[in-house]
Amino acid sequence: MTTTTLLDVWRHTVTATGPDLVLPDGCRDLIVVCVPGSAPTAFVSELHSAPVLATGFAPGTRLTGYRLAPGTRIETGPLLSRVVHTVEDPGSHLSLIEEHCSRNAGIIEAFAGIEAAPVTTAADLARRLSLTPRTLQRLFSANRLPAPGFWLRLARARRAALGLRGGACLAEIATDAGYADQAHMTRDFHNWFGATPARLKSDPYRLSLLAQSGLAVPATGEQISTR
């Protein structure tokens, strides 16, 4: 990728009506919407803390998503107004993202610490960054971000969800992810992903969503979907 704020690019062509499931990934996406016969539009997705069903688009709609790294500050108004006028030149979108999106050095370092297991508490993260807990809290507040605990809990849940694709038992996955016990992991999964670990393990579609790039999951390069 060409900017420190751009994590991934995805493309999706809508083939069926109905809402799409969105699971928390710690990212906001710049999404360009092209409906045949209509002028292009764009929006920036919300930062989710629970599963949501996104409003469905008409079949034939083409979506291009630019996944922004966790903690990115976005000048939403200027970015959206300029993106919709450059749909025919997708390469220019990368320059616009670089111009209107940013992550300061402190935030970059903080998220590197969040994504490095086994940190699970804000106090541990502050020690890792050689900061006081109050200073760490102010860093996130100044960047208009949820508190560090939000990110630590989500990162732990997403790391544990990736472990479901292997052969480890649920108790082992819970321990490796830093949960107090399997019941703790089950409650967390239900809150973040709307399903128990056992249900997620037997749901390839939800697991595929959780394997996409985001907090605590590496970028995979351009993703193309026609679901």
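Fair warning: this is a prediction, and the values are worked out from it, not measured in the lab.

Caption draft 1: Here's a closer look at the overall build of the chain. Helix and strand counts for the chain stand at ten helices and nine strands. Taking 2.2 N^0.38 as the reference for a compact globule, 227 residues should give roughly 17 Å; the C-alpha atoms of the chain span a radius of gyration of 18 Å, in line with that estimate. By the burial criterion, 44% of the 227 residues in the chain qualify as buried. Carbon together with sulfur atoms contributes 55% to the accessible area of the chain, which is approximately 10,900 Å² in total. Taken together, the 22 basic and 19 acidic charged side chains of the chain have centroids lying 6 Å from each other.

Caption draft 2: Representation of the nonpolar core within the structure. Ile114, Phe140 and Phe189 are the most contacted members of the largest nonpolar core, which has 39 residues in total. Among the secondary structure elements, those contributing two or more residues to this core are helix H3 (105–114), helix H4 (122–128), helix H5 (133–142), helix H6 (148–163), helix H7 (170–177), helix H8 (182–193) and helix H10 (204–210). With eight residues, H6 is the largest single contributor of residues to this core. Setting aside anything within four residues of it in sequence, one finds phenylalanine 140 in contact with Ala110, Phe111, Ile114, Leu145, Pro146, Pro148 and Trp151. Core analysis: the second largest hydrophobic core is formed by 17 residues, Val9, Leu80, Val83 and Val87 among them.

Caption draft 3: Inspection of the state of the cysteines at higher detail. In this structure the tally under the stated criterion is zero disulfides. Cysteine 34 takes part in no disulfide bond, and the closest cysteine sulfur, belonging to cysteine 101, lies 19 Å away. Given a relative accessible area of 12%, cysteine 34 falls into the buried group.

Caption draft 4: Fine view of the side chain of aspartate 8. In this structure, aspartate 8 sits in strand E1 (residues 6–13). Buried within the structure, aspartate 8 lacks any salt-bridge partner; its nearest side chain of opposite charge belongs to arginine 67, at an N-O separation of 6.2 Å. Of note is the side chain of aspartate 8, whose polar atom sits 2.6 Å from the side chain of serine 213.

Caption draft 5: Broad picture of the layout of surface pockets. The calculated volume of the second largest pocket comes to roughly 310 Å³. Taken together, 21 residues line the second largest pocket, and the ones lying closest to its centre are Arg28, Thr72, Arg73, Ile74 and Asn143. Residue assignment for the lining of the second largest pocket shows that the elements contributing at least two residues are strand E7 (73–74), helix H2 (90–100) and strand E8 (101–102). For the lining of the second largest pocket, a count of residues per class yields ten nonpolar, six polar and five charged.

The rules behind these values
- Residues numbered from 1 in each chain as written.
- Predicted model: local features only at pLDDT ≥ 70, side-chain atom pairs only at ≥ 80, totals over all residues.
- Heavy atoms only, no water.
- Helix = DSSP H or I, 4+ residues; strand = E, 2+ residues; numbered from the N terminus.
- Rg over C-alpha atoms; globule rule 2.2 N^0.38 Å.
- Buried < 20%, exposed > 50% of the residue type's maximum accessible area, 1.4 Å probe, protein only.
- Areas by Shrake-Rupley, 256 points an atom, 1.4 Å probe, with all protein chains shown as cover.
- Lys, Arg positive; Asp, Glu negative; His and termini not counted.
- Charge placed at Lys NZ, Arg CZ, Asp CG, Glu CD.
- Core = buried A, V, L, I, M, F, W, Y, C linked by side-chain atoms within 4.5 Å.
- Contact = heavy atoms within 4.5 Å.
- Disulfide = S-S within 2.5 Å.
- Salt bridge = Lys/Arg side-chain N within 4 Å of Asp/Glu carboxyl O.
- Polar contact = N/O pair within 3.5 Å; in protein donor to acceptor, adjacent residues only side chain to side chain.
- 1 Å grid on protein atoms, 1.4 Å probe; cavity = no way out; pocket = protein on both sides within 12 Å on 5 of 7 lines; lining within 4 Å.
- Points joined across faces, edges and corners; volume = space filled by probe spheres on them.
- Nonpolar A, V, L, I, M, F, W, Y, C, P; charged D, E, K, R; others polar.

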